[in-house]
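# Observations on chain architecture
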Amino acid sequence: MEPEPADLLDVDVPAFATAYAAPHARVSRLEALAARASAAIAVPALRAAVDCLRANSLDVQRHATVLARLAVLDPAFVAADAERAVRWAETAAAQGRSIRDSLDAQLATYKANLIKESIRMAHCDLAEHYYKCGDLASAMKCFLKCRDFCSTPKHVLDMCLSVLKVTVEQQNFSPIQAYVLKAESLPDPTLPISSTTASQTSSASNASDSARQLMLSKLKVYSALSHLDSAKYKAAAKSLLNITVPADVLGTWNEIMSPSDVAAILTLLTIATHSRTAIKSALLDNAILKSYLDTADPRLLHDVLLGFYSARYGDCLAALDAMRPLFAIDLYLMKHVEALIALIRRNAIVQYVVPFDVVDLHKMARAFNETSVKLVECELVGLISEGAIEGRIDSQNKVLQITKQDQRRVLYRSALKMGRAYAAQADFLVLRASMVKQDMFIDAPHSDDHRGSGDGGPWHSVDDDFREDHRMDNVIGGSDRKGVFQRFGLGFT
């Protein structure tokens, strides 16, 4: 369910726009903001989108779309700007055709000369031009054509990252995992080939490691977006928790999302799918990931994350409700805000009852800022029926009785099972050792191409003994095995 439009009076549009360097990302974010904000915010956002398109893009069609949306909210500005808009559109279209014809001619020349590297670079230049013009389908085709002319791991990596960028722009997340796995399996293209001194070797190695960690973190972000689109929230959280570069390093790559966006998605996914203990070990104790939280709204860390971890579930859910409009303008989070908040509330209820044997529903309702005990009771009934909570509800006294497993009984069962497995394995090893000691061998069936010793007879090795183990275990079993042990003077248990 897509969130309803909301007033976002505390959004600073210029600061919001500068968080994204890539024109496509900036315009997409501004359009999403304008779609869910009041006119006081939507008009400056759409004006900023128009300025970004005219300064950094040749996308005439998107320029017209943004102007059409702006004309509904601010017709006076669009009417005054009409002449300039027409002039820019004509110039951008002519420039786009000229550059495309030049690049096509260049590509044809390279193909005639059979220069592989030049053909690859020409395809890349043409793809980037299509991307700048907003023709994402043609850009994707050209990037995929580069694959046939890649000669080094770096070329393949660049191709994968370019394809991922266009795929995310198209909101087509299904092929992301394939290209992420392909990029992760490549050898490190940033390693230096040679160095003259030890200091240069160390410096180059550190730079190479930093570049690779940044590349792997980018791939984790792409993977998380793919899982998020498929509503695989735990897998998406796991991908973001594996980011290994701080916010200031990943912030230099803001074509897709800013560090504050990473913090928002990471926080919601983590508290929706992890226990409080796991949140502390995976997120709160991780200095790298905390650097992302420092770039986001302070309420995200102090009220939402720490509120959940400190068992202040009412404060956490109230902060989530207050920040819901901010989550609703995120391109990749907007479709999942309601589902994630529902999962967070579900997880909070489960975490609340974990330490107790008996829970008073009246106290629980106050802890969750609920005025209706009946609503809390209905939620508990659903969780019990799903198996998330093991317990029974006393509707008369409004009490939840938790059914806990007898840990001593579980431990004894586990120990007995392990002991039986150990005894069976020990019996088998003793039997095999006794058979080897008594020279009891089973030769492999004779064949024309059998292996032989120096005299051409049957050949036997220890490996053959291992191959016969399972056969002997099937042949000698139960009372027969006991008889074999007694024959060799061994005990049998």
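Scroll up to find the structure this text is about.
The structure displayed is predicted, hence computed values, not measured ones.

### Some details on helix H6 (residues 82–113)
The periodicity of an α-helix, 3.6 residues per turn, causes residues three or four positions apart to be oriented the same way. Here H6 is 32 residues long and its end C-alpha atoms lie 47 Å apart, about the 46 Å a rise of 1.5 Å per residue gives. Within the sequence span of H6, burial applies to Ala 85, Trp 88, Ala 89, Ala 92, Gly 96, Leu 103 and Leu 107. On its buried face, H6 is in contact with helix H3 (39–56), helix H4 (60–73) and helix H7 (116–133). Just past H6, the residue Leu 114 takes up positive phi, approximately 55°.

### So, the packing of aromatic side chains
The full count for this structure, using the stated rule, is 7 aromatic pairs. Here Phe 308 and Tyr 313 contribute two aromatic rings whose centre-to-centre distance is 5.5 Å and whose plane-to-plane angle is 80°, an arrangement assigned as edge-to-face. Tyr 313 matches Phe 308 in its accessibility class, with the two residues each being buried. Aromatic side chains Tyr 313 and Tyr 352 sit 6.3 Å apart centroid to centroid with 70° between the ring planes, which places their arrangement in the edge-to-face category. Taken together, the positions of Tyr 313 in helix H18 (residues 313–327) and Tyr 352 in helix H19 (residues 337–353) put the pair 39 residues apart, joining distant regions of the chain. Residue Tyr 313 shares its accessibility class with Tyr 352, and that shared class is buried. One aromatic cluster is present, formed by Phe 308, Tyr 313, Tyr 352, Phe 356 and Phe 368 through successive ring pairs.

### Quick look at the pairing of strand S3 (residues 399–402)
Bridge analysis of strand S1 (residues 358–360) against S3 gives 3 bridges, and the strand direction is antiparallel. Its bridge partner lying in S3, Val 358 is registered against Gln 401. In the sheet, strand S2 (residues 391–394) pairs with S3 via 4 bridges, with the strands oriented antiparallel. Bridge pairing links Arg 392 to Gln 401 in S3. Counting the residues in the hairpin turn of S2 and S3 gives 4 residues, including Lys 398, whose phi is positive at 55°.

### What about unusual backbone geometry?
Residues other than glycine seldom take positive phi values, yet Ala 231 does so here, at roughly 65°. Relative to the helices and strands, Ala 231 is located in the loop between helix H11 (198–229) and helix H12 (233–241). In this structure, Lys 398 is a non-glycine residue whose phi angle is positive, near 55°. Of note, Lys 398 is situated in the loop between S2 and S3. For Lys 398, a relative accessible area of 21% translates into the label partly exposed.

### Brief notes about the packing of helix H15 (residues 276–284) against helix H17 (residues 298–309)
Direction vectors running N to C along H15 and H17 enclose 130°, while the axes themselves pass 9 Å from each other. Our classification of the angle between H15 and H17 gives oblique. Across the interface between the two elements, Arg 276, Ile 279, Lys 280, Leu 283 and Leu 284 of H15 pack against Leu 305, Leu 306, Phe 308 and Tyr 309 of H17. Residue classes in the contact of H15 with H17 are distributed as 7 nonpolar, no polar and 2 charged.

### Thoughts on the pattern of salt bridges
With the rule as written, the count across this model stands at 24 salt bridges. Arg 87 is the salt-bridge partner of Glu 83, the closest N and O atoms lying 3.9 Å from each other. Of this pair, Glu 83 and Arg 87 both sit in helix H6, 4 residues apart, which is roughly one turn of the helix. Note on Glu 83: relative accessible area 62%, which makes it exposed. The partner of Arg 345 in a salt bridge is Glu 379, and the shortest N-O contact between them spans 2.7 Å.

Scoring rules and cut-offs
Counting restarts for each chain, with residues numbered from 1 along the sequence as it is written. Only residues with pLDDT of at least 70 are given local features in this predicted model, and only at 80 or more are side-chain atom pairs given and counted; all residues enter the totals for whole chains, interfaces and linings. Note that the side-chain values use all heavy atoms of the structure and ignore hydrogens as well as water. In this text, helices come from DSSP runs of H or I with a minimum length of four residues, and strands from runs of E with a minimum of two, each type numbered from the N-terminal end. By this rule the span expected of a helix is its residue count minus one, scaled by 1.5 Å. Working definition: with a 1.4 Å probe on protein chains only, accessible area under 20% of the residue-type maximum means buried, over 50% means exposed, and in between means partly exposed. Two residues form a contact once any of their heavy atoms are found within 4.5 Å. Aromatic rings from Phe, Tyr and Trp, taking only the six-membered ring of Trp, are treated as a pair when their centres fall within 6.5 Å; an angle between ring planes under 30 degrees marks them as stacked, one over 60 as edge-to-face, and anything in between as tilted. Here the rule is simple: two strands pair whenever DSSP picks up at least two bridges between them. Helix axes use the C-alpha atoms of the stretch in contact, all axes being lines fitted to C-alpha atoms, and the angles between their N-to-C directions lie in the range 0 to 180 degrees. Throughout, the term roughly parallel applies to angles under 35 degrees, roughly antiparallel to angles over 145, roughly perpendicular to angles from 65 to 115, and oblique to all others. Residue type decides the class: Asp, Glu, Lys and Arg count as charged, Ala, Val, Leu, Ile, Met, Phe, Trp, Tyr, Cys and Pro as nonpolar, and the leftover types, Gly among them, as polar. One side-chain nitrogen of Lys or Arg within 4 Å of one carboxyl oxygen of Asp or Glu is enough to make a salt bridge.

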